[in-house]
Amino acid sequence: VFRRLASTFQIAIAPGGVVGNVKQVNAIASEYGFPLIAKPLRGGSSVDLRILQSRDECDALEELLLRRGAHELLLEQYIPGRDFTVGLIEWCGSVVMLPPLEVISDAGFYSEQNKMYDHWTGAVQYVAHTEGDGKWLTKMCGCLERLWNSLHLRGAVRLDFRVDAAGTPWLLEANTNPGLSCGGNLAVAIRACEMSFEELLVWILSSAAYEIGRAHV
């Protein structure tokens with residue numbers, strides 16, 4: 001549903017599809033070539049996310065599928081580029097976009113290692129982009145509210161995307177339950193707005209209270 005809606009709004013989505021066995025993996029590899037990126041449909045923090053460079057690595061996905069209880073994987077064409085994440089927070093029935101954060105690391109993509117370990121050692125940099133940073137920002141901002149409303153998103157949400165060398169933003173996923181640590185992405189973005197982590201928490205709780213009140217009217 002997410003991919004179809006994004007395409008409807010002319011948001012770039014990496015070509016690929018959902019796979020549940022090695023035959024389907026090989027079919028997508030034949031159609032799109034390498035590299036490919038594989039990610040479990042169920043899970044978070046990029047756990048078991050991997051880049052596939054060859055047929056041999058595709059065959060190894062069978063073990064991953066079995067280990068995860070035959071759950072399906074999302075297999076997409078790998079998009080070289082810069083990693084960004086943008087937070088959206090509801091406020092009195094409307095949505096506010098926080099400054100996009102560029103995620104900079106040596107891994108080549110925002111991996112499980114980056115999120116769960118390197119993040120806390122300072123090996124990953126987060127750079128807030130607040131204004132005048134090219135057409136990619138304008139393109140993304142122009143469709144986020146429509147996507148928010150169409151997916152019936154609520155509270156605090158984080159969208160991850162990649163910007164390629166041509167300046168095209170490729171939407172990767174919508175995280176409807178983003179991390180809320182004092183050093184997390186939302187906290188870094190809120191500080192770029194000259195607000196504190198405590199104010200972020202009050203904002204989210206106030207938004208939830210507003211929704212509860214509206215539901216009981």
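What counts as what
- Residues numbered from 1 in each chain as written.
- Predicted model: local features only at pLDDT ≥ 70, side-chain atom pairs only at ≥ 80, totals over all residues.
- Heavy atoms only, no water.
- Helix = DSSP H or I, 4+ residues; strand = E, 2+ residues; numbered from the N terminus.
- Buried < 20%, exposed > 50% of the residue type's maximum accessible area, 1.4 Å probe, protein only.
- Contact = heavy atoms within 4.5 Å.
- Areas by Shrake-Rupley, 256 points an atom, 1.4 Å probe, with all protein chains shown as cover.
- Salt bridge = Lys/Arg side-chain N within 4 Å of Asp/Glu carboxyl O.
- Pairing = 2+ DSSP bridges.
- Axes fitted to C-alpha atoms, helices over the stretch in contact; angles between N-to-C directions.

Here's the deal with the overall build of the chain
Check the secondary structure of the chain and you find eight helices and ten strands. Buried residues in the chain amount to 43% of all 217 residues. Taking the intrachain contacts of the chain between residues at least 6 apart in sequence as the baseline, contacts between residues at least 24 apart amount to 61%. For the chain, the exposed surface amounts to about 11,400 Å²; the carbon and sulfur share of it is 54%.

Side note on the pattern of salt bridges
Side chains that carry opposite charge are capable of pairing whenever their charged atoms lie near each other. For the structure shown, the criterion picks out five salt bridges. For the salt bridge of Arg82 with Glu102, the shortest nitrogen-to-oxygen distance reads 2.9 Å. Of this pair, Arg82 sits in strand β5 (residues 82–91) while Glu102 sits in strand β7 (residues 101–104); the two residues are 20 residues apart in sequence, bridging distant segments of the chain. What makes Arg82 partly exposed here is its relative accessible area of 34%. Owing to a relative accessible area of 12%, Glu102 belongs among the buried residues under this scheme. Among the ionic pairs, Arg162 bridges to Asp83, the shortest N-O distance being 2.8 Å. With Arg162 in strand β9 (residues 156–163) and Asp83 in strand β5, this residue pair connects regions lying 79 residues apart in the sequence. Judged by relative accessible area, which is 4%, Arg162 ranks as buried. A relative accessible area of 11% places Asp83 in the buried class.

Re the environment of Glu199
Relative to the elements of secondary structure, Glu199 occurs in helix α8 (residues 197–215). In this structure the C-alpha to C-alpha distance between Glu199 and Ala187, which are twelve residues apart in sequence, comes to 9.8 Å.

Digging into the pairing of β9
Most of β9 sits out of view: eight of its eight residues are buried. Taking every second residue as pointing to the same face, both faces of β9 are buried, with Ala156, Arg158, Asp160 and Arg162 on one and Val157, Leu159, Phe161 and Val163 on the other. Bridge analysis of β5 against β9 gives eight bridges, and the strand direction is antiparallel. Looking at the pairing, Arg82 lines up with Val163 of β9. Of the pairings in the sheet, the one linking β9 to strand β10 (residues 169–175) comprises six bridges and is antiparallel in character. Bridging across to β10, Val163 finds its partner in Pro169. Remark: five residues form the turn of the hairpin made by β9 and β10, two consecutive strands paired antiparallel; Gly167 in that turn has positive phi of roughly 85°.

Considerations on the sheet that holds strand β4 (residues 73–77)
Within the open sheet, the four strands sit side by side as β1-β4-β2-β3. Their pairing is antiparallel. Edge strands, defined here as strands with exactly one partner in the open sheet, are β1 (16–19) and β3 (50–52). For this sheet, the mean inter-axis angle between neighbouring strands, taken without regard to orientation, is 25°. As paired elements, strand β2 (residues 36–40) and β4 share five bridges and run antiparallel to each other. Pairing of Pro40 across the sheet is with Leu73, part of β4. Against the sheet, helix α2 (residues 22–32) touches β1, β2 and β4, its axis set at about 170° to β1.

Read these as spatial facts, not as claims about activity.
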